[in-house]
Amino acid sequence: MLQSFIDLLFPQLCIGCNQSLVFGEKHLCTDCILHLPETNYHLQVNNPVEKIFWGRIPIVSAYSFLSFKKQGIVQRLLHDLKYGNNPEVGELLGMMYAQRLATAGIFPEIVLAVPLHPKKLKLRGYNQSECFAKGISSVLGCKHSDHIIIRKRATETQTRKSRFARWENVGRVFEVKKPELVFNKKILLVDDVITTGATIEACAQTIIPFTNSLSIGSIACVVYQ
Ligand SMILES: [Zn+2]
């Protein structure tokens, strides 16, 4: 009741088109939702996102919900999610994407998000990829976790590590903290945007030793074809 009154005085605007949202709409109006640039890559074997990882990491599949274009609606959504203190947008997109995945019979057991750098996490207060993971898992009824993988601080020096650990640590920004939780599980690892795929690849490398079923997903992808 109070919320309806507040909405009447200060109507919420659609992130996509800036028009007032009507009752039942949140963050995006129905028209913008209908016109989202969905890739449908989850339905396409050898899709452009999978090709990014060919010869790099052994994954089952890779896909992105939306196609990113500069000045487009996806850029506005991601901007709001990352800098607009609007974690709900990530959850909403995750829930929408999960409906597509469920229709295609894609049911991971755990959805993991690429961890944010601790400094950025502190600044932003939330990990936007984790919001997406949370939205997906809420619809698919699977687990999601932001405690399984950690991103080491850039300042963490290697001086106290043994020589072998130092060698092993080269290029390793991520670490699996609770390998028993991902062991032999069907995992979907998600990030916000996939461009070169370098970040999510580095993260995937740390999980691959524990599972033979890893897929990669993201809110959006920048693919030059
Ligand atoms: Zn709109």
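Given the structure is predicted, the values throughout are model-derived calculations rather than measurements.

*Asks:* An account of the coordination of the zinc ion is needed here, citing residue identities and associated values.
*Replies:* On the protein side, the zinc ion has Cys14 (SG), Cys17 (SG), Cys29 (SG) and Cys32 (SG) as donor atoms, found 2.3 Å from it. Coordination at the zinc ion comes from four donor atoms whose angles at the metal span 105 to 115°, giving a geometry best classed as tetrahedral.

*Asks:* Summarise the side chain of aspartate 192; cite the residues concerned and give the values.
*Replies:* Residue placement: aspartate 192 occurs in strand β6 (residues 187-194). Aspartate 192 has contacts with Leu78, Lys82, Gln128, Ser129, Ser218, Ile219 and Ala220, leaving out every residue within four places of it along the chain.

*Asks:* How would you sum up the pairing of strand β2 (residues 110-113)? Please name residues and give values.
*Replies:* Here β2 shows no split at all, with Ile110 and Leu112 on one side and Val111 and Ala113 on the other all buried. Here β2 runs beside β6; their pairing, made up of four bridges, is parallel. Following the sheet pairing, isoleucine 110 is matched in β6 by isoleucine 187.

*Asks:* Account for helix α7 (residues 128-140), naming residues and giving values.
*Replies:* One turn of the α-helix equals 3.6 residues, which is why residues spaced by three or four share an orientation. For α7, which comprises 13 residues, the first-to-last C-alpha distance of 19 Å matches the rise-based estimate of 18 Å (1.5 Å per residue) to within 8%. Burial analysis of α7 places ten of its 13 residues in the buried class, the great majority of the element. When we look at burial in α7, the residues that qualify are Gln128, Ser129, Glu130, Cys131, Phe132, Ala133, Gly135, Ile136, Ser137 and Leu140. With a side-chain oxygen lying 2.9 Å from the backbone nitrogen of serine 129, the N-terminal cap of α7 falls on asparagine 127. Remark: glycine 141 follows α7 within two positions and exhibits a positive phi of approximately 70°.

*Asks:* Could you give an account of the packing of helix α4 (residues 73-83) against helix α5 (residues 87-103), naming the residues involved and the relevant values?
*Replies:* Look at α4 against α5: their axes get within 6 Å of each other, and the N-to-C directions meet at 130°. Of the possible angle classes, the one that applies to α4 and α5 is oblique. Of α5, the residues touching α4 (which contributes Leu77, Asp80 and Leu81) are Pro87, Val89, Gly90 and Leu93. Considering only residue class, the contact of α4 with α5 consists of five nonpolar, one polar and one charged.

*Asks:* I'd like a rundown of the sheet that holds β2, residues and numbers included.
*Replies:* Ordered in space as β1-β7-β6-β2-β3, the five strands form an open sheet in which the pairing is parallel. Every other strand in the sheet has two partners, leaving β1 (61-67) and β3 (143-145) as the edge strands with one partner each. Direction aside, the axes of adjacent strands within the sheet are offset by 25° on average. Most of the contacts of α7 go to β6, to which it runs at about 135°, and overall it touches β2, β3, β6 and β7 (214-221). On the sheet, helix α10 (residues 198-207) packs against β2, β6 and β7 and is oriented at approximately 165° with respect to β6.

Cut-off values and rules
Residues numbered from 1 in each chain as written. Predicted model: local features only at pLDDT ≥ 70, side-chain atom pairs only at ≥ 80, totals over all residues. Heavy atoms only, no water. Donors = N, O, S within 2.8 Å, 3.2 Å for Na, K, Ca; no water. Tetrahedral: all angles 85-135°; square planar, octahedral: opposite > 155°, others 65-115°. Helix = DSSP H or I, 4+ residues; strand = E, 2+ residues; numbered from the N terminus. Contact = heavy atoms within 4.5 Å. Buried < 20%, exposed > 50% of the residue type's maximum accessible area, 1.4 Å probe, protein only. Pairing = 2+ DSSP bridges. Expected span 1.5 Å × (residues − 1). Polar contact = N/O pair within 3.5 Å; in protein donor to acceptor, adjacent residues only side chain to side chain. Axes fitted to C-alpha atoms, helices over the stretch in contact; angles between N-to-C directions. Parallel < 35°, antiparallel > 145°, perpendicular 65-115°, else oblique. Nonpolar A, V, L, I, M, F, W, Y, C, P; charged D, E, K, R; others polar.

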